[in-house]
Amino acid sequence: MLTGKTVIVGISGGIAAYKTCEIVRGLKKEGAEVFCVMTVSAQKFVSPLTFRTLSGNPVITDLFDEDLNNTPVPHIALREKADLVLVAPATANIIGKTANGLADDALSTLLLSVKCPVIFAPAMNPVMWENKVVRQNSKKIQKLGIKLIGPVYGEVACGEEGTGRMAEVSSVIDAVFDLLNHKNDLSGLKILITAGATREAIDPIRFISNRSSGKMGFALAHAAKRRGAEVTLISGPTYLNPPANVNLIEVTSAEEMHKAVQAAAQKQDVIIMTAAVADYRPNFTFMQKLQKRADTMSLELTRTVDILEELGKSKNGSFLVGFAAESNNLIENAREKMKKKNLDLIVANNVEAFEEDCSEVFILDKAGEVEQLPLQEKISTANSILDRIVTRVSPSRKDRA
Ligand code: CTP
């Protein structure tokens, strides 16, 4: 979604600079062209080579040494390219210099010469952040039009606790999106997304589950949030970082997911069930750990509620999207599930996409249309699915939003 955009990432001297590596990776992954500008202190924390490798572009470390695209004035060359400048981490020093118009190195000079939107992600010791001069300077740069993201409360590198940590990587990337990407087409819509696998307990340490990682559901939540939706994400256990500013409800079993969906479903405009809900659970859960005794053992299983089917039966106008993971007869099975569960759209993918970062899916709608999306990162698949939903959601729902 950032294809065709150029982001200049300024890195000043703070330990949070290591997180900026992830920010640069994230921006590149979204298709942005990234150029990095580092202060002398920043280079003490992370090597310019790291940012050169991650961004795929030369790193500006000195106003006079580096020669970007054969121009002797790199900050002007970068100004021409920049759609947005992000300074992360932004130290008290770069905030102070910017507030007072000082330009004594590549980053501060660039900041005086750009006309595009600028975001600062401050990071410093909490006492420094509370310092009166730093407060004044940060207010001043905000008045000048610079957007601040963070700092946030938590433990900082020196072990102290307070407000001073750089905002989370995903929040910083989201802030870049908000400023660069004006596609706010889901604004006001309430979207419920389920993700991941459920776990059905056998005893205190064993469970029945499946290989679903939750990546597709989390990508959808991320993309929907970025496009302005109010997102509720109900997820089984995962190792993924949840997107910022979504209402995350963590569940374990199919029964818990069922209850959480029931509680949230009424208010939703769109419900997307990506979760790989267990179809069966053990008849009962042993309170104590099972000891091995006989050579064989059997477990009796009971069907869980089909959450999506239940939603389809009592549809109250929300747009219902299901997922079908199949190992064979992909389209036929998906079509049958769409009909049986009374869905508006179904996304069919091969079980091979489980745990992968990329997927290649088919989208089927009620009118019988079948569309194949290319093999792509799940975040791109998520955006394509949302594109298809937004054109089909009833106009009254969007108007109300
Ligand atoms: N689903 C659900 N509740 C269940 C099982 C599945 O809501 N107990 C939802 C999934 O989230 C998905 C869709 O139903 O959106 C299809 O799930 P899938 O497991 O592929 O199909 P099933 O209907 O369970 O059929 P089968 O396992 O026989 O293929």
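Residues numbered from 1 in each chain as written. Predicted model: local features only at pLDDT ≥ 70, side-chain atom pairs only at ≥ 80, totals over all residues. Heavy atoms only, no water.

## Thoughts on the site of the ligand
Note the threshold: Any residue with a non-hydrogen atom lying within 4 Å of a molecule or strand is treated as near it. As used in this structure description, the phrase polar contact means that two N or O atoms lie within 3.5 Å; if the pair is within protein, one of them must be able to donate a hydrogen and the other to accept it, and residues adjacent in sequence are counted only when both atoms belong to side chains. In short, Shrake-Rupley with a 1.4 Å probe defines the accessible areas, and a residue's cover is counted only from the protein chains shown. Labels follow the DSSP assignment, with helices taken as runs of H or I lasting at least four residues and strands as runs of E lasting at least two, numbered in each case from the N terminus. Residue type decides the class: Asp, Glu, Lys and Arg count as charged, Ala, Val, Leu, Ile, Met, Phe, Trp, Tyr, Cys and Pro as nonpolar, and the leftover types, Gly among them, as polar.
The immediate surroundings of the ligand are formed by 16 residues, with Met273, Ala275, Asp279, Lys337 and Lys341 found nearest. A distance of 3.0 Å separates a nitrogen atom of the ligand from a polar backbone atom of Ile307. With respect to the ligand, the side chain of Lys337 contributes an N or O atom lying 2.8 Å from an oxygen atom. Against a free-state accessible area of 570 Å², the protein chains account for coverage of 78% of the ligand. When contributions to the shell around the ligand are tallied by element, the ones reaching two or more residues are helix H12 (307–313) and strand S16 (319–326). If one sorts the elements of the shell around the ligand by residue count, S16 sits on top with four residues. Of the residues belonging to the shell around the ligand, the class tally is ten nonpolar, two polar and four charged.

## Here we look at the packing of aromatic side chains
Put simply, the test is: Within 6.5 Å between ring centres, the rings of Phe, Tyr and Trp (the latter by its six-membered ring) count as paired, and their orientation is classed by plane angle as stacked under 30 degrees, edge-to-face over 60, tilted in between. Exposure classes here rest on a 1.4 Å probe applied to the protein chains alone. A residue is buried below 20% of its type maximum, exposed above 50%, and partly exposed in between. For a ring to carry a charge above it, either NZ of a lysine or CZ of an arginine must fall within 6 Å of the ring centroid while also lying within 35 degrees of the normal to the ring plane.
Counted by the stated rule, this structure contains one aromatic pair. Between the aromatic rings of Phe284 and Phe286, the centroid separation amounts to 4.9 Å while the plane-to-plane angle is 55°, which identifies the pairing as tilted. Since its relative accessible area comes to 52%, Phe284 is described here as exposed. By relative accessible area, which is 28% here, Phe286 ends up partly exposed. The lysine or arginine in question, Arg303, covers the ring of Tyr280, its NZ or CZ lying 6.0 Å from the ring centre.

## Re the sheet that holds strand S4 (residues 118–122)
Operational definition: A pair of strands is treated as paired once DSSP finds two or more bridges between them.
The parallel open sheet is built from five strands, whose spatial order is S2-S1-S3-S4-S5. At either end of the open sheet lies a strand with only one pairing partner, and these are strand S2 (33–38) and strand S5 (147–148).

## Some remarks on the pairing of strand S8 (residues 190–195)
For S8, a buried count of five out of six residues is recorded, marking the element as mostly surrounded by other parts of the structure. Taken together, the six bridges between S8 and strand S11 (residues 230–235) define a ladder with parallel strand orientation. Paired with Ile191 across the two strands is Val231, which belongs to S11. Bridge count between S8 and strand S13 (residues 270–273): four bridges; the pairing is parallel. Residue Ile191 lies in a different strand from S13, and its bridge partner there is Val270.

## Some details on the domain arrangement of the chain
For clarity, the cut-off: In this entry, domain limits derive from an automatic or database-based domain assignment. Residue contacts follow a heavy-atom distance rule, with two residues in contact if any of their heavy atoms lie within 4.5 Å. In this description, buried area is defined as the sum, over both parts, of the accessible area (probe of 1.4 Å) that is lost when the two are combined. Between Lys or Arg on one side and Asp or Glu on the other, a salt bridge is scored when a side-chain nitrogen of the former is within 4 Å of a carboxyl oxygen of the latter.
On domain assignment, one finds that the chain holds domain 1 (6–180) and domain 2 (190–287 + 296–399). Summarising the inter-unit geometry, the C-alpha centres of domain 1 and domain 2 are found 37 Å apart. The interface is formed by eight residues belonging to domain 1 together with six residues belonging to domain 2. Considering only the surface of domain 1 that becomes buried against domain 2, Lys29, Glu30 and Asp174 emerge as the three largest contributors, covering 58% of it. Between Arg226 and Glu30 there is a salt bridge, and its shortest N-O distance comes to 3.0 Å. Connecting domain 1 to domain 2 are two residue pairs in polar contact (both at pLDDT 80 or more).

## Some details on the nonpolar core
Selection rule: We call a set of buried Ala, Val, Leu, Ile, Met, Phe, Trp, Tyr and Cys residues a nonpolar core when their side-chain atoms join them within 4.5 Å.
Val7, Val9, Ile23, Leu27, Phe51, Leu86 and Val176 are the most contacted members of the largest nonpolar core, which totals 34 residues. Counting only elements with at least two residues in this core, the list comes to strand S1 (6–11), helix H1 (17–29), S2, strand S3 (84–90), S4 and helix H9 (169–180). Broken down by element, this core gets its largest block of residues, seven residues, from H9. Among all residues touching Val176, those that are not within four sequence positions of it are Leu2, Val7, Leu27, Leu84, Leu86 and Ile119. One finds Ala221, Ala224, Ala229 and Ile379 within the second-largest nonpolar core, a separate group that totals 33 residues.

## Some details on the environment of Leu186
With respect to the helices and strands, the residue Leu186 is situated in the loop between H9 and S8. Take Leu186: its relative accessible area is 2%, and that puts it in the buried class. Here the alpha-carbon distance between Leu186 and Val370, two residues 184 residues apart in the chain, equals 23 Å. Beyond its immediate stretch of four places on either side in the chain, Leu186 contacts Ile191, Ala224, Arg227, Gly228, Ala229, Leu386 and Val390.

## What to know about helix H10 (residues 215–226)
Put simply, the rule is: Working rule for helices: expected span equals 1.5 Å times residues minus one.
The terminal C-alpha atoms of H10 lie 16 Å apart, and with twelve residues this matches the ideal 16 Å at 1.5 Å per residue to within 8%. Across the twelve residues that make up H10, a large majority, ten, are buried. For H10, the full list of buried residues reads Met216, Gly217, Phe218, Ala219, Leu220, Ala221, His222, Ala223, Ala224 and Arg226. Immediately downstream of H10, the backbone of Gly228 shows phi near 100°, a positive value.

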